[in-house]
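Read off the chains here:
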Amino acid sequence: MRFQFKTSYDQDIRIFRDKVDVFWYGLLAVLVLILPLLLDDYYVGETAWVFIYGICGVSMMVLVGYTGLVSLGHAAFLGIGAYAHAYFIQHGMPWVVAMVLAVALTTASGLIVGLPALRMTGIYLTIATLAFAVIIQEVFSRWESVTHGFAGMKVDKPVIFGFEFATDQSFYYLCLFFLVVVLWATRNLLRSPTGRAWIAIRDSEIAAQSMGVHLAVYKSIAFAYSAGVMGLAGALFAHKIAYLAPDIFTILLSIQFLLLVIVGGLGSLHGAILGAIFVALLPPVIAILRDSIPESMAAFAAGTGLTFVGTIGSAVGGFLAKPGVEAGIFGLILVLVILLEPLGMYGRWLKIKLFFSTFPMYKAATFKRQKSYMRSERLR
Amino acid sequence: MSLFSADNLSINFGGIKAVDGVTFDVAKGEVFTIIGPNGAGKTTIFNLMSRIYEPSGGKLVFDGRDITNVAPHRIAALGIARTFQNLELFDSSTVLENLLLGRHVHRRTNLVENFLFLPKARRAEIEDRRAAEEVIDLFGLAPHAETPIGSLSYGLRKIVELARALCIRPRLLMLDEPSSGLGAEETETMARWIGDLRRRMGLAVVMIEHDMSLVNAVSDRVVALNQGRIIAEGSAAAVQNDPEVIRAYLGG
Ligand SMILES: Nc1ncnc2c1ncn2[C@@H]1O[C@H](COP(=O)(O)OP(=O)(O)O)[C@@H](O)[C@H]1O
Ligand SMILES: [Mg+2]
C-alpha cells in the first residue's frame, strides 16, 4: 500500500504530486526523448501523429470532458487552423507569426461559435456545432482564392528561424514540444479557478451559478480555448499531411475526436493522451492486421494442411481492406466503450491501480455512480 | 433593520401561481423558517431569491439594495449562499475541490495569470486552500478532504454542501430541507451546526424544513406556506397549531 502524506498546500497544487510521480513521468520523458533514436522513420512519423492527436485530445477534453459541452464540429477548427497557417506561410509570413495568427483566428472562431451555443444545451448544442462544421467544410471547398478548393493546397515543411524541420525526427520533436506546452498550459488552467468553474458547470450548472460562476463567460472561455488548441494542432497537422483538401475535415474526423476523448476517459488529461494513442495507432494496426492475418493463416494452413484456415484468413484480410470498415470499427469500439467502460481507458487504469495499491481492501463500489434521481427533478 | 426582504413576490408557471404575493423579511442573525406541504412553492421562493427564476412581480432587497434585477451569478458575491433540496454537489470532484468553488467569488487572479500559473496564481491557490481547510476543520471533514463526493454517505454530502456554501463567507444562508434524507441522529447534528453558525458568525438563515424537531430547535420565526401564499406567521409552536396550517397539511 502507498499512502500520500500531504505536508503543505503547495504539494497539492504542484503538477506532480510526489517523488514517485516525478520518477515515472521523468522516465516517460526520457523514453519519449530517445524514442526517435530507437525507431524506424515510419514509426517516428506515426508517433508524431500521436502527439498531434494528443493536442486535439486536449482541445476536446477541455470542452467535452471538463466543461461538459459536446462538440461534433471540431474538425472545422482543425481545418481553420490548418488552412490559415498554410495560407499565411504561403504569403511569406514567418512560421511563428503564421502559427500565432492561425491560433488567434481559430480562437476567435471558437468564440463566435460559442456565443449562440451558450443558449443551447445538450443535443441542441451538439447539432449546432455539427451544422457549423458542415458550413465551414463548404467554405473550404468554395473559397478557392484562399484554399484552392478541391485542387488542394500544398504545405511545405516547417522552417522556423531558418531551421528546416525536414526529417521525421525533427518534426517529431516539434510536435512533442507543442504537446508539452499545451498540456502544461491546460493543467495550469485546470488547477486554478478557471478549470474548477468548468468542472462545476459540467456537474451542476445551477450550483455553479449560485457559487458565482458566470456561465456564459466560462463556457465562452472553454469554447475559445478549445478551438485555439485545435487550431494549433491544425497548423502541425497541415505540415504533417503536407497537402490540404476540404474532404479531410469531415464529420467523420469530428466523430473520431469525440471517440478519442470517450475511449481515453472523459475528464482527465491522461485520457486525452491515451485516446490519442488509440486513435492514431488503430489505423496502422488495422493495416498491419490486414496484411499479416492472411499471410500467417495461409502459412499455418500450408504447414498443417487445414486449408479452411487459409480461406478464413484471406476472408478476414479482404474484409479489413474494404472501404468504410475502419469507420465501422471505430463506431463499434465507441459503442462498446460507452456500454462497458464509461470511464474510458484512464478509468480502467485507475481501477487497476487502486486495486493493487489498496489490496486487499478494494471496494468494487468506489466508481459506481450514485445518482438515483432525475436531473429534471432536482430543482424542485 | 432587516438584512433581507421579499416584497409581494410572485411567479406564475403557465397560469399556476407557484408563489403568490409573498412578503417577509429576515433580520441579521435570525433563523427564519418556511414550512408547508409539498408543492407549496417553498423551493420556488429560494430559486427566486437566487435569481434563477424571474419573478412576475414583487421586489427583493438585500442589505438595503434592490437585487430584483441582479444577475444570478452576482448573488453569491453579495453574500447570499444556498444549499439544494436534492444536493447539487460537483460529484466527480473531491470534498476540497467542491469547497474551493465556494472561493470562486473571492478569486483574485485573471485568466492570463491562471494560464501561465504565475506566482500570484500559486499564492492565490494556497490562500484559497487555507480558507477552505478552515471550513473543513470546522466541520470535521479533514478525513474526507480528498475523497470524491461519489463515495461519501448522504449525510456527509449534506454537510459538504453546507460547508461549500459557507466558503462563500455569506451573510445570508439559504438551506433547502437540510434534514431531508438524514436519520434522527444526523438531523440532530445538522441542528447543532445551524445553531452554531448563527451564534458564531452572526449569519442570517432562511430555512425550508419539514422535520418539526429541527424547526423547533433552531427557528426564531416561522411562516407556513400553502399554494404559494403565506397562511400563518409567528413562533414555531404558534404556526404549527394554527388551524389553517393543520388544514393545509391534512387537506392540501
Ligand atoms: N420550473 C418550473 N416549471 C414549472 N412549474 C414549476 C417549476 N418549478 C416549480 N414549479 C411548480 O411550482 C410549484 C411549487 O413547487 P416547489 O416550490 O418546488 O414546492 P415545494 O414547496 O415542495 O418546494 C409546484 O406546483 C411545482 O410543480
Ligand atoms: Mg422543495
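Definitions and cut-offs
- Residue indices begin from 1 for each chain and proceed along its sequence in written order.
- All chains are assigned letters beginning with A, and all ligands numbers beginning with 1, in the order in which they are written.
- Under the rules for a predicted model, residues below a pLDDT of 70 receive no local features and side-chain atom pairs below 80 are neither given nor counted, while totals for whole chains, interfaces and linings still include all residues.
- Note that the side-chain values use all heavy atoms of the structure and ignore hydrogens as well as water.
- Donor atoms (N, O, S) are those found within 2.8 Å of the metal centre, with the cutoff raised to 3.2 Å for Na, K and Ca; water is not part of the atom list, so apparent gaps in a site can occur.
- Secondary structure elements are defined from DSSP: runs of H or I of at least 4 residues count as helices, runs of E of at least 2 residues count as strands, and each element is numbered from the N terminus.
- The rule is simple: take the accessible area with a 1.4 Å probe, protein chains only, and divide by the maximum for that residue type; under 20% is buried, over 50% is exposed, in between is partly exposed.
- We define a salt bridge as a side-chain nitrogen of Lys or Arg found within 4 Å of a carboxyl oxygen belonging to Asp or Glu.
- By the convention used here, strands pair only if DSSP detects at least 2 bridges between them.
- Contact criterion: two residues are considered in contact whenever any of their non-hydrogen atoms come within 4.5 Å of each other.
- Between the N-to-C directions of two axes lies an angle of 0 to 180 degrees, each axis being a line fitted to C-alpha atoms and, for a helix, fitted only over the stretch in contact.
- Each domain's extent is set by a domain assignment, obtained either automatically or from a database.
- Pairs of N or O atoms within 3.5 Å make up the polar contacts considered here, provided that, within protein, one atom can donate a hydrogen while the other can accept it, and that residues adjacent in sequence are counted only when both atoms are side-chain atoms.
- Here the term charged refers only to Asp, Glu, Lys and Arg, the term nonpolar to Ala, Val, Leu, Ile, Met, Phe, Trp, Tyr, Cys and Pro, and the term polar to all other amino acids, Gly among them.

Draft legend 1. Spatial organisation of the coordination of the magnesium ion (ligand 2). All names here are of chain B. Within the protein, Thr43 (OG1) and Gln85 (OE1) serve as the donor atoms for the magnesium ion (ligand 2), at 2.0 to 2.1 Å. Of this pair, Thr43 sits in helix α1 (residues 42-49) while Gln85 sits in the loop between β6 (80-82) and α3 (95-101); the two residues are 42 residues apart in sequence, bridging distant segments of the chain. The two residues Thr43 and Gln85 agree in class, both being buried.

Draft legend 2. Main features of the pattern of salt bridges. Residues and elements named next belong to chain B. Scanning all chains against the criterion turns up 20 salt bridges over all chains. Where Arg221 meets Glu233, a salt bridge forms, and the shortest distance between an N and an O atom there is 3.1 Å. In this pair, Arg221 sits in strand β9 (residues 221-226) while Glu233 sits in strand β10 (residues 229-234), placing the two residues 12 residues apart along the sequence. Arg221 gets classed as partly exposed once you look at its relative accessible area, which sits at 21%.

Draft legend 3. Broad picture of the sheet that holds strand β2 (residues 16-27) of chain B. Residue and element names in this part refer to chain B. Taken in spatial order, the 4 strands make up an open sheet running β2-β1-β4-β5, and their pairing is antiparallel. The open sheet is flanked by β2 and β5 (65-66), the only strands paired with a single partner. Of the pairings in the sheet, the one linking strand β1 (residues 2-13) to β2 comprises 8 bridges and is antiparallel in character. Opposite Ser5, over in β2, you have Asp25 as the bridge partner. The sheet contacts of α1 involve β1, β2 and β4 (57-62), and relative to β2 the element is tilted by about 65°.

Draft legend 4. Geometry of the domain arrangement of chain A. Residue and element names in this part refer to chain A. Entries for chain A in the domain assignment read domain 1 (35-281) and domain 2 (285-360). Between domain 1 and domain 2, the C-alpha centre-to-centre distance is 28 Å. Each partner contributes to the interface: domain 1 provides 16 residues, whereas domain 2 provides 12 residues. Put simply, domain 1 and domain 2 have 0 salt bridges between them. Linking domain 1 to domain 2 there are 1 residue pair in polar contact (both at pLDDT 80 or more). Of all the secondary-structure elements, those providing two or more residues to the side of domain 1 that touches domain 2 are α12 (251-264) and α13 (269-304). Along the lines of polarity and charge, the residues of the side of domain 1 that touches domain 2 split into 10 nonpolar, 6 polar and no charged.

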